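Single-letter residue listing:
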Amino acid sequence: MDRIDTHCHLEAAAFADDLDEVLRHALANGVTGIVAVGVAPADFADQCQAMTQARAEGLSAWGAFGTHPWWSDRVGVDEALAGLERQWHTDERPIAVGEIGLDFAQADLDADVQNALFTAQLDWAAERDLPVILHERKSADRLVYWLRRHRHAGGVVHGFTGSPQQAQAFIEQGFHIGVGGAITHPGAHRMHRMMRDLPLDSLVLETDAPNQPGHDHRGERNLPGYLPENLASLAELRGMEANELLERINRNTRQLFKERLGYNAGDSSQRTEPK
Ligand SMILES: [Zn+2]
């Protein structure tokens, strides 16, 4: 059965020296596919190269491209949109726009600049019927505010830190919630309650590797091969057998990416016609 990491930063410096090992470790742990998520146009070429390497190792790989809010002080709206437009005309066509969003925990990043960068990319995605991958930090209400006022094609809130009510507001907007390493921490009771109660149809799995390692890997870099640990924690919380849960999650993942996962999959058995 497919095990897809919906959020991994393959081109990260932390993977530069041993990406082949990282990819083999993922395969050995049953991961079958990775959605590589971009952070800035200057890194898109490295990201594509890492995706090619993932396919060479036998994984499926797909690309989401976008400018992350942490780059909002260096990448303007025009540059961000030009980067997306360039990528759209390559063989590595985005299956989603991300990582985009708002980070209000970073006091040095101007909120107005972030809002402008986010909404411009949200609009660009909507024009192409692409889902968006959202970075949310102390910004859930503002993100929902924009989603209610802009046309969009849904997406996923990744590394979600908000309340169950905020999660519900995203779900009402047609969004999924990414389940990452945070769920593996034994003391994360608030998170556990939320992940137990959210509609099963709204959940997808992610690692955010090399960031946000789970409980057993505190202080280390995170790896896409740790994805099954997040699945196991979620299965335990939901009182479900892992494979039964995974089947549901896979359905959600396909729906999230609007059946584009066949595109550039690097696996002819899974390939569907690109839209
Ligand atoms: Zn990320």
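Counting starts from 1 at the beginning of each chain's written sequence and moves along it residue by residue. Given that the model is predicted, a residue must reach a pLDDT of at least 70 before its local features are reported, and side-chain atom pairs must reach 80 or more before they are shown or counted; all residues, however, enter totals for whole chains, interfaces and linings.

**Re the pairing of strand β4 (residues 96–103)**
Then, in step 1: To sort residues by burial, count the other C-beta atoms lying within 10 Å of each one's C-beta; a count of 20 or more means buried, 12 or fewer means exposed, and anything in between means partly exposed. C-beta atoms are built from the backbone. Per the convention used, a helix needs a DSSP run of H or I reaching at least four residues, while a strand needs a run of E reaching at least two, with both numbered from the N terminus. Of all the eight residues making up β4, seven are buried; the element is thus mostly covered by neighbouring parts of the structure.
Then, in step 2: Examined bridge by bridge, strand β3 (residues 60–65) and β4 share two bridges and lie parallel to one another. Its bridge partner lying in β4, Ala64 is registered against Ala96.
Then, in step 3: Only when DSSP finds a minimum of two bridges between them are two strands counted as paired. Pairing geometry for β4 and strand β5 (residues 132–137), over six bridges, is parallel. Its bridge partner lying in β5, Ile100 is registered against Leu134.
Then, in step 4: Look down the strands so they point away from you; if the path from the first strand over the helix to the second goes clockwise, the crossover is right-handed. Crossover connection from β4 via helix α4 (residues 111–127) to parallel β5: handedness right-handed.

**A few points about the environment of Leu246**
Then, in step 1: Positionally, Leu246 belongs in helix α9 (residues 242–256).
Then, in step 2: Here Leu246 falls in the buried class, since 22 other C-beta atoms lie within 10 Å of it.
Then, in step 3: In this structure, the C-alpha to C-alpha distance between Leu246 and Leu231, residues 15 residues apart in sequence, is 7.5 Å.
Then, in step 4: Ignoring sequence-local partners within four residues, the contact set of Leu246 consists of Met1, Arg3 and Leu231. For every residue pair, C-beta atoms are placed from the backbone, and the pair is scored as a contact if these atoms sit within 7 Å.

**Observations concerning the pairing of strand β2 (residues 33–37)**
Then, in step 1: Burial analysis of β2 places five of its five residues in the buried class, which makes it a mostly covered element.
Then, in step 2: Residues Gly33, Val35 and Val37 of β2 are buried on one face, and the alternating residues Ile34 and Ala36, pointing to the opposite face, are buried as well.
Then, in step 3: Bridge count between strand β1 (residues 4–8) and β2: three bridges; the pairing is parallel. Across the sheet, residue Asp5 finds its bridge partner in β2, namely Ile34.
Then, in step 4: Pairing analysis gives five bridges linking β2 to β3, with the strands arranged parallel. What sits directly across from Val35, in β3, is Trp62.
Then, in step 5: Handedness of the β2-helix α2 (residues 44–56)-β3 crossover: right-handed.

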